[in-house]
Amino acid sequence: MVMIQQGSMKAYIQKGINRSKEMSTPIIVSRVREIKNIDPLLFFDAGKKDYLGERTFWADPTNQTIMVGLGKAYTIKNDGSTNRFGRIESDWKRLIKNQIVVDNYAPYGTGPLLFGGFSFDPLKDKTGLWDRFSDAQFVLPLFMLSIIDGKTWLTTNVVCQQDMDNECEIDLIEDTLLTAAVKIQIRTEEFPFEKTEIEPVKWMDSVKEAAKNVRDGEVEKIVLAREIRVLFSQSIKTESVLANLKEQQPMSYLFAFENGESCFIGASPERLIKKEKDEFLTTCLAGSIKRGKTQSEDESLANELLSDQKNLVEHDVVVQMIKEAMQGACTEITSPNEPGIYKMRDIQHLFTPVSGRSKDGVSLLEMVKKLHPTPALGGQPQQKAIEKIRELELLDRGWYGSPIGWIDAHDNGEFAVAIRSGLLQGNEAYLFAGCGIVGDSEPESEYNETNIKFKPMLSALGGKINEVDE
Ligand SMILES: C=C(O[C@@H]1C=C(C(=O)O)C=C[C@H]1O)C(=O)O
Ligand SMILES: [Mg+2]
């Protein structure tokens, strides 16, 4: 890695092109600078004109790390490989080995980093719905706004190739974007829509069958998801959905990955794994109940959840698997003995955090591979549950339920589990929600639980919410 003092990008891009010729390999030129505060949603919106279909959005629930990517400086993809996690890691390591950082200081969450994710199950039969999303797909954005602990940074990445010309006025584009971002106003509007549930009765039948599989001792837990489709009379505005999610779901990770005409978007409360230096942090989140209408009803529902046998089993299966995975990879593991409650606007969950220190240089993507899918989205035992999902589930999960997130050049990063999410395509939204099925699961109450899990996306789409009373 070479560090150079800040200056015009053009000169550094020329250095990058020269080096690329010498070394016969792509070279990243990356500039980081601190800028005045900009609303991340406005920056996302400002990219609409030139980078529609190539935008990413990420915010963690604490808002300590917010990142918005515009444009694609480089894409790393993998379809069909049996080692998609390892492949992304090795391609990324190769690319960042020869970077020119045009700055002396690139704090956590800035500099060259990848955004992206994985599909849930590369072996499941694919429908055309997820055509634009590979089994593993990551993007190094051309421009990235990072808001880290309240400070705002702009990273500009260019991947220099041997035969590249140096005509592009990157500095000018950067300035135009920043100016545009200050002027825009995002309007969130409500439009009527039509909602279609895909095979709800068949889904309840599959829940019944999965619960029987558990009682027969074939598996301990299986997670089954279902789909609803929402049709608008005009195309859905991603920025307006994001703005609603931001306002309505402050306890969740907020994410959007645009790929051409498709955008995978959501507000997930579930962390898969975070790595900062050698600290790993993961979360077991499973077991659900609705929110109360009054504070006392809410508390009594939380207490009911904390002592409900079916939900405790759903949760405990996740805790056992995650702790075992962490024990293989970490020292100094800490985790509470009993679950707590994690509350969002529409739902409350049983929640157990687990943290540890990486041993023997275990990498972030190695941990993602070890954990995915946890029994919160797959089941237990893992392979058997995945096979059952392939057999029983009526939909193509695509990236739903998968690890999505970011990774930097020093192996810091964070992945969430892509739930409470949907795929937007033109004027249609495909939404997904699932439930952990154990021996005591009842189809109708699991159906109601999925209805609560659809609420965050349905309300963010700006439509009327389907109220369910159990
Ligand atoms: C599968 C989903 O959520 C998962 C299932 C839960 C459950 O069944 O109680 C709770 C949280 C998540 O682990 C989803 O939201 O789609
Ligand atoms: Mg459940």
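For clarity, every value in this text was computed on a predicted model and none was experimentally measured. (Residues numbered from 1 in each chain as written. Chains lettered and ligands numbered in written order. Predicted model: local features only at pLDDT ≥ 70, side-chain atom pairs only at ≥ 80, totals over all residues.)

## Thoughts on the overall build of the protein chain
When its secondary structure is counted, the protein chain shows 12 helices and 22 strands. Relative to the 2.2 N^0.38 estimate, which gives 23 Å for 470 residues, the radius of gyration of the protein chain is 22 Å and therefore close to what a compact globule would have. A principal-axis box enclosing the C-alpha atoms of the protein chain has dimensions of 65 × 50 × 40 Å. Residues classed as buried in the protein chain amount to 51% of the 470 residues present. Across the protein chain, the fraction of contacts at a sequence separation of at least 24, relative to all contacts at a separation of at least 6, is 77%. (Helix = DSSP H or I, 4+ residues; strand = E, 2+ residues; numbered from the N terminus. Rg over C-alpha atoms; globule rule 2.2 N^0.38 Å. Buried ≥ 20, exposed ≤ 12 C-beta atoms within 10 Å, placed from the backbone. Contact = placed C-beta atoms within 7 Å.)

## A short note on the UniProt feature "active site" (unreviewed entry) in the protein chain
UniProt feature "active site" (unreviewed entry): in the numbering of this structure it lies at Lys221 and Glu270. Here Lys221 shows up in strand S10 (residues 221-232). With 26 C-beta atoms packed within 10 Å, Lys221 lands in the buried category. Residues in contact with Lys221, not counting those within four places in the same chain, are Val214, Glu314, Val317, Pro375, Gly379, Gln380, Ala385, Gly436, Ile437 and Val438. What makes Glu270 buried here is the crowd of 24 C-beta atoms within 10 Å. Setting aside its immediate chain neighbours within four residues, Glu270 contacts Thr283, Leu285, Ala376, Ala416, Val417 and Ile419. (UniProt positions renumbered as here; feature names shortened; annotations may be inferred.)

## So, the UniProt feature "binding site: Mg(2+)" (unreviewed entry) in the protein chain
UniProt's entry tags Glu314 and Glu449 with the feature "binding site: Mg(2+)" (unreviewed entry), counted in the numbering of this structure. On the basis of their most widely separated C-alpha atoms, the annotated residues across 136 residues gather in one place, lying no more than 13.5 Å apart. Structurally, the position occupied by Glu314 is in helix H9 (residues 309-329). Here Glu314 falls in the buried class, since 26 other C-beta atoms lie within 10 Å of it.

## Observations regarding the environment of Phe118
Its place among the elements puts Phe118 in strand S6 (residues 113-118). Residue Phe118 is classed as buried on the basis of its 27 C-beta neighbours within 10 Å. Residues contacting Phe118, with those up to four places away along its chain left out, are Arg84, Asp135, Ala136, Ser402 and Pro403.

## Some details on unusual backbone geometry
Omega for the bond connecting His372 with Pro373 falls within 30 degrees of zero, at -15°, which places this linkage in the cis form. Mapped onto the secondary structure, Pro373 falls in the loop between helix H10 (364-371) and strand S18 (379-380). Following Gln380, the chain continues into Pro381 via a peptide bond in cis, with omega recorded as -5°. Along the polypeptide, Pro381 turns up in the loop between S18 and helix H11 (382-392). Of note in this structure, Lys277 is not a glycine but carries a positive phi near 55°. Relative to the helices and strands, Lys277 is located in the loop between strand S13 (271-276) and strand S14 (279-290). On the basis of neighbour counts, which here come to 10 C-beta atoms within 10 Å, the residue Lys277 falls in the exposed class. Despite not being glycine, Glu332 has its phi angle at roughly 50°, a positive value. Within the secondary structure, Glu332 sits in strand S15 (residues 330-334). On the basis of neighbour counts, which here come to 9 C-beta atoms within 10 Å, the residue Glu332 falls in the exposed class.

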